[in-house]
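# Coordinate analysis (summary)
Spelled out, the chains give:
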Amino acid sequence: MSSELLTGSHNLDLNGSFSYDENWYIYEPMGDLDDMNREANSDCSPTVPYNLYHICLAPVSLVILLVLSLLIKRKHLYKNCLDGAPGLLSPVRFLEEEGNKGLTLAVFGILFSSLCVLVLDANPLPFVSSSSSHSREYWKIMALLYYPAFYYPLIACATVRHRIGYFFGCLLSWCHCVVHIWQKVECPESPKIYRYYSLLSSVPVILCLAFLSLWYPLQLVKSFRRKGKTDEEVLGNGYYKEYLKNILAKRPPERNKAKPSVFSRFQSYLYSYIYTPQEGFQIPLKLVLSQAMAVIAVYQVALLLLVTFVPNIQIVRSGMTKDVTALLVQFGFIPSENAMGLPGDKELEIAKHYVWALEVCFVSSLVVSCLLTSSMLMRSLVRHRINLRRLYRGAVVDVFHRPHQLQPSQQALVCWMCFAGFQAAFTCLGLLIQQIVFFVCAVAFAFLVVIPLQSGTNMYLFKMVENMWPFWLTLVVSVLAQNLLTHFCFLEREPPPRELTNRRALYIVTYLLFPVNVLVGVLAGVWRLVVSALYNIIHFCQLDVSLLSHGAEAFDPGYRTYCYYLKIEVSQSHPAVRAFCSLLLQSQSLQGPKELQPSDIEEGVMLMKQPASKASHRKQNCARWWLAYTLLNNPSLLPYRKGVLLDAPANGMQTSPVKP
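Given the structure is predicted, the values throughout are model-derived calculations rather than measurements.

Secondary structure summary: the chain contains 24 helices and zero strands in total. Nonlocal contacts in the chain, meaning residues at least 24 apart in sequence, comprise 74% of its contacts between residues at least 6 apart. Accessible area for the chain stands at about 38,200 Å²; split by element, carbon and sulfur atoms hold 66% of it.

And the structure:
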């Protein structure tokens, strides 16, 4: 097909009811195909190439990791060797409510966005300029390990809580941010998939790097304002105390409320899909991280679907010719007024209108899919908070529908590690499946209902319904008759409890309407299939909702991972337990000038073995009363006291495990 054929019909004078002078989305004028190929094949070369950027920063990142490891002390392995240095540099304390959540989300957002682009890249490793199709998959596996190590210093510089770490974080974040922005400014277009896909897909990376470029200098300035060491107090300590004060606060007695109206019930239903923060409760870091990665996944998948379909369908519409229209006329997709079946200008405009309808259906279904997925993710946050609050107060059966021991196990810990990755993957798959299903439904509705009503042709669906109207009328009449007979003849019309009456007539009607009820059952089965499929497709991204029944929940990998995640989160990060341990540490600090460290919360409970001094006897008694009141309001903590508090009788309470 020559370029004249592709562009000759673009500037036609349109006298019909459809106008194509304006394009709604990403339309670009068609030029000469040779010029387009030359533009696509000419790859822009930035001043700092991508491979040179990685070659320079990878060794620098490794050196920074080695320097930061010297600031960390070992806890168990050869503590006397070299004064405990170097130690293991931990990136994030996922099970502790401390640190900056924005920093963690930014680094993970950079990593996940890089992996999304990596899947479609022909050269997954920056050090390998050209890779064959046989070795490309091996390089992708290597890239899955390289990129987490490459961005590891961006998050490790903050966990040290030292001004040297903040200084290195400033240098790294500035280097990454400047190079990324410089590359996109110099070469905003790329020949991959779509000319602006590389620029649009890197928007989350640039935003996260910009956040890090501002956060690290701010922390560095704060470290110089503080005197002495830069180690902060236990950051999660404030939240734990706030949670404890919230559950111990006196609440007014509940009053008998009147029956809510329809509007109030509808309003509460809408509020169940909107997450609003509550005083005295914070969503754990792992849940916030999983939801943030899911949002980035929605953006990346929607962008990929949009730039893959819309520009290509616009090219097809602009290059539509009478030869292609003649083929559609011969197959009966487009009606022709010519007796010979030769298409004219009117048939050509109808063909273009059909292609435009496909474009509108695709974009509309994509918008609906993104909105539904976002609303389901917001609903998941609300359900996460409800489930965590129930488990904190010991209502295990309300969450898992059967008794469970909230204790760590091998499978539970593996599922806890995989939870954030599962949430991102399930969101990608759910959005893709929704887009396919909604696009097919939108196309069927447009070409079977809207376009036939608009043009008066291709009335296949309406003709089928018209020919089968006696069948549909029979089904409707039978259903109405059964409901009316049940209401007026087969049930007593007295106040409840209502009893059956006219049983002989009931048996006769049941027998006579059996064949009709078989046909009604076929329609009900189709409706059941459609509703269950739509429900599972819409809720596919929600790991807190099982797509199977209660007896088969174990075969749902997403829901099983979520349940095990909750077990680890509640057993290891219960706010009441951590608040109690922090109170013990504070009471023990009166005996000496030892400073409170973030890692001491787990070890604070061991202080119960040490005898208390007379000066702190009153505060210890107060702490014991706090313990008793906390355990009364949190029965789920009772099974763990025997394994944690080795000297339990010191508190004057029985510590026999209680099954939930």
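Scanning the entire structure with this criterion turns up 21 aromatic pairs. Ring geometry for F167 and F168: centres 6.1 Å apart, planes at 45 degrees, overall tilted. Using a relative accessible area of 42% as the deciding quantity, one classes F167 as partly exposed. When the centroid spacing of 5.1 Å and the interplanar angle of 80 degrees are considered together, the rings of W215 and Y216 count as edge-to-face.

A word on the nonpolar core. Ranked by size, the top nonpolar core spans 80 residues in total, and within it I110, L154, L212, Y216, L391, F400 and L566 carry the most contacts. Ignoring sequence-local partners within four residues, the contact set of L212 consists of L103, A106, V107, I110, L154, S173 and P217.

This paragraph deals with the confidence of the model for the chain. On average, residues of the chain score 77 in pLDDT, and 77% of them are at 70 or above. Mean pLDDT values over the elements of the chain span from 40, in helix α1 (residues 3–7), up to 92, in helix α20 (residues 514–538). Counting contacts from residues 1–41, a segment whose pLDDT is below 50, to residues more than four positions away or on other chains yields 56 contacts. This model gives residues 601–610 a pLDDT under 50, and the stretch forms 25 contacts once residues within four places in sequence are excluded.

On to the packing of helix α4 (residues 101–120) against helix α12 (residues 285–318). In contact at an axis separation of 10 Å, α4 and α12 are set at 35 degrees when each is read in the N-to-C sense. Here the hand of the crossing between α4 and α12 comes out right-handed. Residues K101, T104, L105, F108, G109, F112, S113, C116 and L120 of α4 form the contact with α12, whose participating residues are L285, V288, L289, A292, M293, I296, A297, Q300 and L304.

On to the pattern of salt bridges. A complete count under the given rule lists two salt bridges for this structure. Among the salt bridges present, the one from E359 reaches R317, with a minimum N-O distance of 3.3 Å. Separated by 42 residues along the polypeptide, E359 in helix α14 (residues 345–392) and R317 in helix α12 bring together distant segments of the chain. The pair formed by E359 and R317 is uniform in burial state, with each residue classed as buried. R383 is paired through a salt bridge with D544; the nearest N and O atoms lie 2.5 Å apart. You can see R383 sitting in helix α14 and its partner D544 sitting in the loop between α20 and α21 (557–572), a full 161 residues away along the chain.

For the rest of this paragraph, the subject is the side chain of S61. Take S61: it is sitting in helix α3 (residues 50–69). Assessed through its relative accessible area of 3%, S61 is described here as buried. Sequence-distant contacts of S61, that is, excluding residues within four places in its chain, are made with F150, P153 and L172.

Its volume calculated, the second largest pocket comes out at about 1,100 Å³. Lining the second largest pocket are 34 residues; nearest its centre among them are Y50, D121, K184, K192 and S198. Taken together, the elements giving at least two residues each to the lining of the second largest pocket come down to α3, α4, α7 (163–186) and α8 (197–201). Considering each element in turn, the lining of the second largest pocket owes the most residues, five residues, to α4. Taken together, the residues of the lining of the second largest pocket sort by class into 17 nonpolar, twelve polar and five charged.

Interhelical geometry of α3 versus helix α5 (residues 136–150) gives an angle of 60 degrees and a closest axis separation of 10 Å. The angle between α3 and α5 falls in the class oblique. Facing Y50, Y53, H54, L57, A58 and S61 of α3, the residues of α5 in contact are Y146, Y147 and F150.

What follows is about a nonpolar patch on the surface. On the surface, a cluster of nonpolar side chains totalling about 730 Å² of accessible area is made up of F514, V518, V522, V526, W527, V530, V531 and L534. Judged by its relative accessible area of 41%, V518 is partly exposed.

This next bit is on unusual backbone geometry. Positive phi, close to 50 degrees, is recorded for N502, a residue that is not glycine. With respect to the helices, strands and loops of the structure, N502 is situated in the loop between α18 (469–488) and α19 (503–512). The class of N502 is partly exposed, set by a relative accessible area of 43%.

Mapped onto the secondary structure, T373 falls in helix α14. Distance from T373 to I537, taken between C-alpha atoms, is 9.9 Å for residues 164 residues apart in sequence. Once residues within four sequence positions are removed from consideration, T373 is found in contact with V298, T427, L431, Q434 and C541. A polar contact is formed between the side chain of T373 and the backbone oxygen of S369, at a distance of 2.8 Å. Side chain to side chain, T373 and Q434 meet in a polar contact 3.4 Å long.

With that out of the way, let us pick up the side chain of Q183. Secondary-structure assignment places Q183 in helix α7. The contact partners of Q183, leaving out residues within four places of it in the chain, are P46, V48, P49, Y50 and Y53.

This paragraph deals with the environment of Q291. By the secondary structure assignment, Q291 is in helix α12. Between the alpha carbons of Q291 and L105 there is a distance of 9.8 Å; along the sequence they are 186 residues apart. If near-sequence neighbours (up to four positions away) are discounted, Q291 is found in contact with L377, S380, L381, H384 and Q423.

Turning to the state of the cysteines, a few remarks are in order. Evaluation of the coordinates by the stated rule reveals zero disulfides. C116 carries a free sulfur, and the closest cysteine sulfur to it, the one in C428, is 5.8 Å from it. For C170, which is in no disulfide, the shortest distance to another cysteine sulfur is to C157 and amounts to 9.0 Å. For C170, a relative accessible area of 2% gives the class buried.

Reading the values: rules and limits
- Residues numbered from 1 in each chain as written.
- Predicted model: local features only at pLDDT ≥ 70, side-chain atom pairs only at ≥ 80, totals over all residues.
- Heavy atoms only, no water.
- Helix = DSSP H or I, 4+ residues; strand = E, 2+ residues; numbered from the N terminus.
- Contact = heavy atoms within 4.5 Å.
- Areas by Shrake-Rupley, 256 points an atom, 1.4 Å probe, with all protein chains shown as cover.
- Phe/Tyr/Trp six-rings, centres within 6.5 Å; stacked < 30°, edge-to-face > 60°.
- Buried < 20%, exposed > 50% of the residue type's maximum accessible area, 1.4 Å probe, protein only.
- Core = buried A, V, L, I, M, F, W, Y, C linked by side-chain atoms within 4.5 Å.
- pLDDT = per-residue confidence, 0-100.
- Axes fitted to C-alpha atoms, helices over the stretch in contact; angles between N-to-C directions.
- Left-handed = near helix turned anticlockwise from the far one by under 90°.
- Salt bridge = Lys/Arg side-chain N within 4 Å of Asp/Glu carboxyl O.
- 1 Å grid on protein atoms, 1.4 Å probe; cavity = no way out; pocket = protein on both sides within 12 Å on 5 of 7 lines; lining within 4 Å.
- Points joined across faces, edges and corners; volume = space filled by probe spheres on them.
- Nonpolar A, V, L, I, M, F, W, Y, C, P; charged D, E, K, R; others polar.
- Parallel < 35°, antiparallel > 145°, perpendicular 65-115°, else oblique.
- Patch = residues over 30% accessible without salt bridge, like charges linked within 9 Å, V, L, I, M, F, W, Y side chains within 5 Å.
- Polar contact = N/O pair within 3.5 Å; in protein donor to acceptor, adjacent residues only side chain to side chain.
- Disulfide = S-S within 2.5 Å.

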